[in-house]
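Analysis of the macromolecular model
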Amino acid sequence: MTDPTVQAALIQAAPQFLLVVAACVGAGWAVYNHHKRQRLEAARWLQQLYSEFYNSVRFDEMRIGLEYRYLGMVAPIIQKRISDRHLVLSQSEQEFLRHFDNFLNYFENILYMLESKQVRRSDVLAMFEYWMDLMRSDPFGILRAYTAFGFERLAGELGAVPVRHVFLTDRQLAVVAQQAPALSARLGPGQSGSVRIAGESPGVRDLDLSCEVSATGRLFAFDDTREGVEAAGRLDAVLDFDPMHSQLGACTRMCVRAYAPDSGVAMDAWAYFRSDSSDQQIGGLQQEYTVSLDVSGVTHLVLYGSLRRSEPDFATLRLDEGLRHVGPTQIRGAMIDLGAYPGVYLDGEGEFTGELYEVVDPEVFKRLDQHELFNPNDTRVFNRRARTGSLYIRRVAATTAGVRAFVYVYNGEEVEGGVRTGPVVPHGDWLRHQSERRG
């Protein structure tokens with residue numbers, strides 16, 4: 001039997017005990033509601049991030065550029081800015097870098113939200129892991145180097161470090177030894193190394209649709225001293241790379257992932273690639289590319305979108321070197337808006353507007369095919385994930401004036417089974433459509 005004194009004490013303590021229990025339940029409920037509100041807030045943030053990145057046209061050009069035109073369009077502009085911060089950029093290059101900086105700042109903001117625990121890493125990876133992995137991959141060294149200029153969180157996420165190595169093949173070393181003995185002596189023996197860029201690697205399809213570039217050579221370290229900078233500039237000159245006008249030299253310099261087998265270390269390093277089709281005696285890594293044309297007497301080409309002569313890509317691809325402008329033209333077919341660029345089909349009752357050119361040098365198709373992701377050996381519907389097929393196919397069509405001409409016809413995933421997405425441009429004029437879209 002319980003002692004009456006104990007019973008009295010328990011009865012007296014009961015209200016206090018109930019208050020403690022109620023306080024604990026209330027605190028637990030508050031914590032639960034706070035966690036629930038946090039998750040709802042995070043879900044709203046994630047939904048907004050997804051919508052801004054994937055469902056708007058804000059980043060269309062940047063996504064397409066990174067995925068399919070990185071080495072041909074994005075890397076040269078970034079490289080020009082990194083090579084010498086004092087180089088004067090064209091207006092189109094400045095505009096591109098403005099959009100590109102916004103793109104990188106978007107990821108900076110995501111990483112800040114991750115750092116401040118506003119979103120969870122697993123949620124971020126579910127939406128953006130593909131793009132993070134893409135920027136970490138071997139060919140994206142120049143992008144990683146660029147993140148050092150004000151994108152600290154992204155640079156840390158990508159493992160970016162300053163690029164202080166250069167890779168030279170044995171042939172390049174022989175050229176340096178012959179033309180610049182003092183520079184050769186300064187380089188010293190270096191360490192053995194190799195680079196490899198395969199056609200299936202992310203972002204390399206516009207370098208060559210079916211290429212695989214691999215080479216062994218030596219890796220050399222450069223520092224940020226005046227002597228190091230001067231030596232790097234001398235190396236550019238010897239190997240005929242002009243950072244101001246990279247398209248004019250016989251070589252282009254790219255930042256790629258290099259491997260030092262002796263130490264097992266992988267690092268970002270500069271490598272010199274031959275950018276012309278001649279047999280000049282300089283040591284650029286050569287990508288073989290055969291222009292395969294079934295011309296059938298066709299001597300003209302129609303350009304209808306971002307390659308028209310008023311657009312920046314016309315100058316970037318040096319199309320005036322292989323084409324002679326004839327005048328405006330129309331072709332029967334349909335044009336659709338794919339965001340940053342148009343696509344056309346050669347059917348339907350409508351017409352689309354373009355510019356007619358006479359082909360004076362068929363070598364121009366080398367640059368056009370690479371830019372349009374047309375692989376003459378693989379004309380299947382383009383598969384973005386597997387990176388097979390051709391995004392555009394070079395076809396022959398007759399203009400409304402009766403001139404037979406080549407035209408690049410859209411061949412993306414949307415055409416499979418006849419399904420087509422993207423709004424139709426009713427008047428078929430891409431430049432006019434862009435002006436209307438800007439308001």
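Structural data are supplied above this passage.
Values in this document were obtained by computation on a predicted structure and should not be read as measured data. (Residues numbered from 1 in each chain as written. Predicted model: local features only at pLDDT ≥ 70, side-chain atom pairs only at ≥ 80, totals over all residues. Heavy atoms only, no water.)

Bringing the overall build of the chain into the picture now. Along its length, the chain carries 13 helices and 12 strands. The 439 residues of the chain split such that 47% are buried. Long-range pairs, those at least 24 residues apart, make up 68% of the contacts in the chain between residues at least 6 apart in sequence. Of the roughly 22100 Å² of accessible surface on the chain, a fraction of 53% belongs to carbon and sulfur atoms. (Helix = DSSP H or I, 4+ residues; strand = E, 2+ residues; numbered from the N terminus. Buried < 20%, exposed > 50% of the residue type's maximum accessible area, 1.4 Å probe, protein only. Contact = heavy atoms within 4.5 Å. Areas by Shrake-Rupley, 256 points an atom, 1.4 Å probe, with all protein chains shown as cover.)

Tracing the sequence through the fold places Thr 147 in the loop between helix H6 (141–146) and helix H7 (152–158). Setting aside chain neighbours within four positions, we find Thr 147 in contact with Glu 152, Leu 154, Ala 155, Leu 158 and Ala 160.

Moving on, we get to the packing of helix H4 (residues 91–115) against helix H5 (residues 121–136). It is the contact of H4 with H5, at a shortest axis distance of 12 Å, that shows an interaxial angle of 145 degrees. Along this stretch, H4 crosses H5, giving a crossing that reads as left-handed. From H4, Tyr 106, Phe 107, Ile 110, Leu 111 and Leu 114 reach across to H5, where they touch Arg 121, Val 124, Phe 128, Trp 131, Met 132 and Met 135. In the contact of H4 with H5, the residues fall into 10 nonpolar, no polar and 1 charged. (Axes fitted to C-alpha atoms, helices over the stretch in contact; angles between N-to-C directions. Left-handed = near helix turned anticlockwise from the far one by under 90°. Nonpolar A, V, L, I, M, F, W, Y, C, P; charged D, E, K, R; others polar.)

Looking now at the pairing of strand S8 (residues 334–337). Here S8 pairs with strand S9 (residues 342–345) via 4 bridges, running antiparallel. The residue bridging Asp 337 from the neighbouring strand is Pro 342, located in S9. Linking S8 back to S9 in an antiparallel pair, the connection comprises 4 residues, with Gly 339 at a positive phi of about 105 degrees. (Pairing = 2+ DSSP bridges.)

Further remarks concern helix H8 (residues 170–179). Every buried residue of H8 is accounted for by Gln 172, Val 175 and Val 176. End-on, the buried residues of H8 take up no more than an arc of 100 degrees, which puts them together on one face. What points out from H8, more than 90 degrees from its buried face, is the exposed set Asp 170 and Gln 178. (Arc of directions from axis to C-beta.)

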